[in-house]
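# Understanding the architecture of this molecule
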Amino acid sequence: MVERVRIAAEVSAIDYAARFGYAGRTLGNYLAEFGGHDGYVEDPYGTRQWVSLRAFDGADPDLFLKIMFIVPEIPGDDFPALYSDAVILKEYVLPEGTVVPR
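The structure reproduced in this document is the subject of the present report. (Residues numbered from 1 in each chain as written. Predicted model: local features only at pLDDT ≥ 70, side-chain atom pairs only at ≥ 80, totals over all residues. Heavy atoms only, no water.)

### Some thoughts on the packing of aromatic side chains
- Taken as a whole and assessed by the stated rule, the structure comprises 2 aromatic pairs.
- Ring geometry for Tyr 30 and Phe 34: centres 6.1 Å apart, planes at 65 degrees, overall edge-to-face. Taken together, the positions of Tyr 30 and Phe 34, both in helix 1 (residues 27-34) and 4 residues apart, correspond to about one turn of that helix. Each member of the pair Tyr 30 and Phe 34 is classed as buried.
- Ring centres of Tyr 40 and Trp 50 lie 4.9 Å apart, and the angle between their planes is 75 degrees; this geometry places the pair in the edge-to-face category. A residue pair is termed long-range when its members are at least 10 positions apart, and Tyr 40 in strand 2 (residues 38-42) and Trp 50 in strand 3 (residues 48-52) qualify at 10 residues. (Phe/Tyr/Trp six-rings, centres within 6.5 Å; stacked < 30°, edge-to-face > 60°. Helix = DSSP H or I, 4+ residues; strand = E, 2+ residues; numbered from the N terminus. Buried < 20%, exposed > 50% of the residue type's maximum accessible area, 1.4 Å probe, protein only.)

Structure (structure tokens):
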């Protein structure tokens, strides 16, 4: 079965990663790493994906950027609805045979 992934992101004044024991990254961190608005992010499935953060142009670079990799709960179903201010950055298909833990 084809496994689809949606990358979504949102900015927040709260460091969401702190509850998991590590420091989150700010929008400014990503812009500096990318050298602009566009660059690669590593997904949890072992691939790198090219994304654009232009949707956050003008946002405070000191805000934390939460990047989410979303898969349908059941392969082949629609993606779950986003109930936040998240922006969809990209949708893509994983290489055949990639295991997605659910």
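### A closer look at helix 1
- When we look at burial in helix 1, the residues that qualify are Leu 27, Tyr 30 and Phe 34. Relative to the axis of helix 1, the buried residues are bounded by an arc of 65 degrees and lie together on one face.
- Contacts made by the buried residues of helix 1 are with strand 2, strand 3 and strand 4 (64-70).
- Of the residues flanking the end of helix 1, it is Gly 35, one or two places downstream, whose phi is positive at about 75 degrees. (Arc of directions from axis to C-beta. Contact = heavy atoms within 4.5 Å.)

### Things to note about the pairing of strand 1 (residues 4-12)
- Where strand 1 lies against strand 5 (residues 87-93), 6 bridges are found, and the strand directions are antiparallel. Across the sheet, the residue bridging to Arg 6 is Glu 91, located in strand 5.
- Where strand 1 meets strand 4, 7 bridges bridge the pair, whose relative direction is antiparallel. The partner of Ile 7 across the bridge, within strand 4, is Phe 69. (Pairing = 2+ DSSP bridges.)

### Brief notes about the nonpolar core
- Among the nonpolar cores identified, the biggest contains 18 residues, and Leu 53 and Leu 65 are the most heavily contacted of them.
- Of all elements in the fold, only strand 1, helix 1, strand 4 and strand 5 reach the threshold of two or more residues within this core.
- Aside from chain neighbours lying at most four places away, what touches Leu 65 is Ala 9, Glu 10, Val 11, Tyr 16, Arg 25, Thr 26, Leu 27, Tyr 30, Leu 53 and Phe 56.
- In terms of nonpolar packing, the next biggest core, distinct from the first, is built from 5 residues, Ala 8, Met 68, Ile 70 and Phe 79 among them. (Core = buried A, V, L, I, M, F, W, Y, C linked by side-chain atoms within 4.5 Å.)

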